[in-house]
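Per-entry structural report
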Amino acid sequence: KAGVTQTPRYLIKTRGQQVTLSCSPISGHRSVSWYQQTPGQGLQFLFEYFSETQRNKGNFPGRFSGRQFSNSRSEMNVSTLELGDSALYLCASSLPGQRGTGELFFGEGSRLTVL
Amino acid sequence: AQSVTQLDSHVSVSEGTPVLLRCNYSSSYSPSLFWYVQHPNKGLQLLLKYTSAATLVKGINGFEAEFKKSETSFHLTKPSAHMSDAAEYFCVVRTTKTSYDKVIFGPGTSLSVIP
C-alpha cells in the first residue's frame, strides 16, 4: 500500500512568487492535513480537509490556502512568498471514522526555500 | 486549553544504555496521545499511541510509553539505545469532541546516540 506522497520534494522560489504543493493521501484516507515545520517554530498546523471541505484552520495569514479534490488529493498554495515561508511542509492523512483516536500518516514533506 | 511539554530539547545517551524522553500534557478532555519519530529530511513516523486502553503502550523498534493520568505524563522509554535511534521525537496530543478536533505537537526532543 503506497504511503502519503508529496510533490515536489524540494523547491526554490524567490520572494513575491507563489508556490503550489501537492499531497496524495493513502488510498481510502479522506482526511488530509498540512503542517509547516521550521527550526524556530516547530510543527505548526495549517489546515485540514475532509471530503473537499476545510474542517480546521490554523493561525496563518490568508496567503496560505488549500483545497481538496474529489479523489482526496490535496494542494496547498502560498502566494506572495516571504523569506519566513522557508520551511518543510508536511502533509498527513488519516482514516475516516478515526477522528481523535486515529494516527496521522505523514509524507516526507516538501522542502521550500525562499530566496 | 491544551498543551504539550517535552521537558528536554536534547538528550544524549550512549549506545546500549536506556532512553527516557519526557512528555507532559494538559488537556480539558480525555486525549489520545502519540509519539512520532522524525529522521533528518524525512516525514514523521508513528512509534506508538495511547487511546484509553492499556496504560503501558508498546511500539515499534522496542519503544514503549506509559500513560500516567495523575501525573499527566506520557514518557517514552527504550531499554537499550541503538545508533539508528538518533532522531527527533515528538509527543502529540489529539483531542476530539463532537465538532472539535485538535492536534497539538510538542516542540520535539533531539536524541543523540554516542557509540
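Scroll up for the structure.
Report follows, based on the coordinates.

The rules behind the values
Residues numbered from 1 in each chain as written. Chains lettered and ligands numbered in written order. Predicted model: local features only at pLDDT ≥ 70, side-chain atom pairs only at ≥ 80, totals over all residues. Heavy atoms only, no water. Helix = DSSP H or I, 4+ residues; strand = E, 2+ residues; numbered from the N terminus. Rg over C-alpha atoms; globule rule 2.2 N^0.38 Å. Buried < 20%, exposed > 50% of the residue type's maximum accessible area, 1.4 Å probe, protein only. Contact = heavy atoms within 4.5 Å. Areas by Shrake-Rupley, 256 points an atom, 1.4 Å probe, with all protein chains shown as cover. Buried area = accessible area lost by both parts, 1.4 Å probe. Salt bridge = Lys/Arg side-chain N within 4 Å of Asp/Glu carboxyl O. Polar contact = N/O pair within 3.5 Å; in protein donor to acceptor, adjacent residues only side chain to side chain. Pairing = 2+ DSSP bridges. Axes fitted to C-alpha atoms, helices over the stretch in contact; angles between N-to-C directions. Core = buried A, V, L, I, M, F, W, Y, C linked by side-chain atoms within 4.5 Å. Disulfide = S-S within 2.5 Å.

Remarks on the overall build of chain A
- Assigned secondary structure in chain A consists of zero helices and eleven strands.
- A compact globule built from 115 residues would reach a C-alpha radius of gyration of about 13 Å, and chain A, at 13 Å, matches this within 12%.
- With respect to the principal axes defined by its C-alpha atoms, chain A has extents near 40 × 25 × 25 Å.
- Per-residue burial for chain A yields a buried fraction of 48% across its 115 residues.
- Of the contacts formed within chain A by residues at least 6 apart in sequence, a portion of 54% connects residues at least 24 apart.
- Surface summary for chain A: the accessible area is close to 5400 Å², and the carbon and sulfur share equals 48%.

Some remarks on the interface of chain A and chain B
- Listed per partner, the contact involves 21 residues of chain A and 19 residues of chain B.
- Roughly 1700 Å² is buried in total at the junction of chain A and chain B, and carbon and sulfur atoms are behind 48% of that figure.
- Our count for the chain A to chain B interface comes out at two salt bridges.
- Among the salt bridges present, the one from Glu-103 of chain A reaches Lys-49 of chain B, with a minimum N-O distance of 2.8 Å.
- Our count for the contact surface shared by chain A and chain B stands at six residue pairs in polar contact (both at pLDDT 80 or more).
- Within the residue set of the side of chain A that touches chain B, elements represented by two or more residues are β4 (31-38), β5 (42-50) and β9 (87-94) of chain A.
- With three residues, β9 of chain A is the largest single contributor of residues to the side of chain A that touches chain B.

Regarding the sheet that holds strand β3 (residues 19-24) of chain A
Residue and element names in this part refer to chain A.
- Strand order in the open sheet made by the four strands is β1-β3-β8-β7, with antiparallel pairing throughout. What marks the edges here is a single partner per strand, and that holds for β1 (5-7) and β7 (64-68). The average angle at which neighbouring strand axes cross in this sheet is 15°, direction not considered.
- Examined bridge by bridge, β3 and strand β8 (residues 74-78) share five bridges and lie antiparallel to one another. Paired with Cys-23 across the bridge in β8 is Ser-74.

Concerning the nonpolar core
- Membership of the largest hydrophobic core comes to 27 residues, with the highest contact counts inside it found for Trp-35, Leu-48, Leu-76 and Tyr-89 of chain B.
- The element contributing the most residues to this core is strand β10 (residues 87-97) of chain B, with four residues.
- When residues no more than four places from it in sequence are discounted, the contact partners of Tyr-89 of chain B are Gln-6, Leu-21, Trp-35, Tyr-36, Val-37, Leu-47, Phe-63, Leu-76, Gly-108, Thr-109 and Leu-111 of chain B.
- Counting residues in hydrophobic clusters, the runner-up holds 21 residues, among them Leu-21, Trp-34, Tyr-89 and Cys-91 of chain A.

Description of the state of the cysteines
- Counted according to the given criterion, the structure contains two disulfides over all chains.
- A sulfur-sulfur distance of 1.8 Å marks the disulfide that ties Cys-23 of chain A to Cys-91 of chain A. Here Cys-23 of chain A and Cys-91 of chain A share a disulfide; its torsion about the S-S bond, -60°, makes the bridge left-handed. Of this pair, Cys-23 of chain A sits in strand β3 while Cys-91 of chain A sits in strand β9; the two residues are 68 residues apart in sequence, bridging distant segments of the chain. For the pair Cys-23 of chain A and Cys-91 of chain A, a shared accessibility class is recorded, and that class is buried.
- Each disulfide pairs two cysteine sulfurs, and for Cys-23 of chain B the partner residue is Cys-91 of chain B, the sulfurs being separated by 2.0 Å. Residues Cys-23 of chain B and Cys-91 of chain B are joined by a disulfide whose S-S torsion is about -65°; by sign, that bridge is left-handed. With a gap of 68 residues between them, Cys-23 of chain B in strand β4 (residues 23-26) and Cys-91 of chain B in strand β10 connect regions that are remote in the sequence.
- Classification of Cys-23 of chain B by relative accessible area gives buried; the value is 0%.
- Given a relative accessible area of 0%, Cys-91 of chain B falls into the buried group.

Bear in mind that shape data such as this cannot, by itself, settle questions of function.
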